[in-house]
Amino acid sequence: LALTELVTGGHGHGDVFPIHGNMTLNKEILLWGVGYGIVQALFVLFKAKAMNAGSVSVTTLVGNASLLVSIVFSCIVWGEKISIADVFGLFLLFLGIVLSTYSKSYTDASKRWKYYALVFFLLAAAVGIIFKGFGKSAVSDHTGDMLLVSAVVMTFFYFCTICFTKDKTIPFSKKKFLVVA
């Protein structure tokens, strides 16, 4: 039984996944999948680092606020329109982030959190932008194929991170990874 038949349902009685159809992997799907997988993996890594270095609630707010970047990007690149009410809401969101993250004292921990939170913020925006870009591509009807490539890339990234770093703030352990794998 070929891998494609196994993944897509094949023709036998022992189908692993009851999905019928063909799996397509061309250069464009691979490019989108690898790019999306790398950004997703880094997104999770920096989210975990930011949450470990600072407030979980503020870090979550920062990640959710990444839609500011996604919206501005969509308006500029794809010409999407937003209403005055949307602009007002986004302004309030931005003001809330500034007020909740402002601090007069700077410690090494807060500097580290700000770095992790900023990278997390940008990667969270990039995740949405890349997925939207894929949705506008010529291969957008192959979302499942792209996400499969992305999942393989993320799994490989996490495996390498776990095996080759001594960082204890990574949200995975070798034991847990091997059990899941």
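### Here we look at the packing of helix 2 (residues 27–53) against helix 7 (residues 143–164)
Part 1 of the reasoning: Where helix 2 contacts helix 7, the two axes come as close as 7 Å, and the packing angle between them is 45 degrees. In terms of axis orientation, helix 2 runs oblique to helix 7. Here the hand of the crossing between helix 2 and helix 7 comes out right-handed.
Part 2 of the reasoning: Considering only residue class, the contact of helix 2 with helix 7 consists of 17 nonpolar, four polar and one charged.

### Topic: the confidence of the model for the protein chain
Close reading of the predicted structure is inappropriate where its pLDDT is low.
Part 1 of the reasoning: Put simply, the protein chain has an average pLDDT of 80, and 75% of its residues get 70 or more.
Part 2 of the reasoning: Taken element by element, the predicted model of the protein chain shows its lowest mean pLDDT in helix 1 (residues 3–8) (48) and its highest in helix 2 (93).
Part 3 of the reasoning: When the criterion is pLDDT under 50, residues 1–19 qualifies, and its contacts beyond four places in sequence or with other chains add up to 22 contacts.
Part 4 of the reasoning: For residues 177–181, every residue scores under 50 in pLDDT, and the model assigns this stretch four contacts once sequence neighbours within four places are set aside.

### Considering a nonpolar patch on the surface
Part 1 of the reasoning: A surface patch of nonpolar side chains, about 520 Å² in accessible area, is lined by Phe88, Phe91, Leu92, Leu95 and Leu99.
Part 2 of the reasoning: Within the secondary structure, Leu99 is located in helix 5 (residues 84–101).
Part 3 of the reasoning: Given a relative accessible area of 63%, Leu99 falls into the exposed group.

### A look at the environment of Val39
Part 1 of the reasoning: You can see Val39 is positioned in helix 2.
Part 2 of the reasoning: Residues Val39 and Met154, spaced 115 residues apart in sequence, show a C-alpha to C-alpha distance of 8.9 Å.
Part 3 of the reasoning: For Val39, the residues in contact, after removing those within four places along its chain, are Leu123, Ala126, Val127 and Ile130.

Cut-offs and rules
Residues numbered from 1 in each chain as written. Predicted model: local features only at pLDDT ≥ 70, side-chain atom pairs only at ≥ 80, totals over all residues. Heavy atoms only, no water. Axes fitted to C-alpha atoms, helices over the stretch in contact; angles between N-to-C directions. Helix = DSSP H or I, 4+ residues; strand = E, 2+ residues; numbered from the N terminus. Parallel < 35°, antiparallel > 145°, perpendicular 65-115°, else oblique. Left-handed = near helix turned anticlockwise from the far one by under 90°. Nonpolar A, V, L, I, M, F, W, Y, C, P; charged D, E, K, R; others polar. pLDDT = per-residue confidence, 0-100. Contact = heavy atoms within 4.5 Å. Patch = residues over 30% accessible without salt bridge, like charges linked within 9 Å, V, L, I, M, F, W, Y side chains within 5 Å. Areas by Shrake-Rupley, 256 points an atom, 1.4 Å probe, with all protein chains shown as cover. Salt bridge = Lys/Arg side-chain N within 4 Å of Asp/Glu carboxyl O. Buried < 20%, exposed > 50% of the residue type's maximum accessible area, 1.4 Å probe, protein only.

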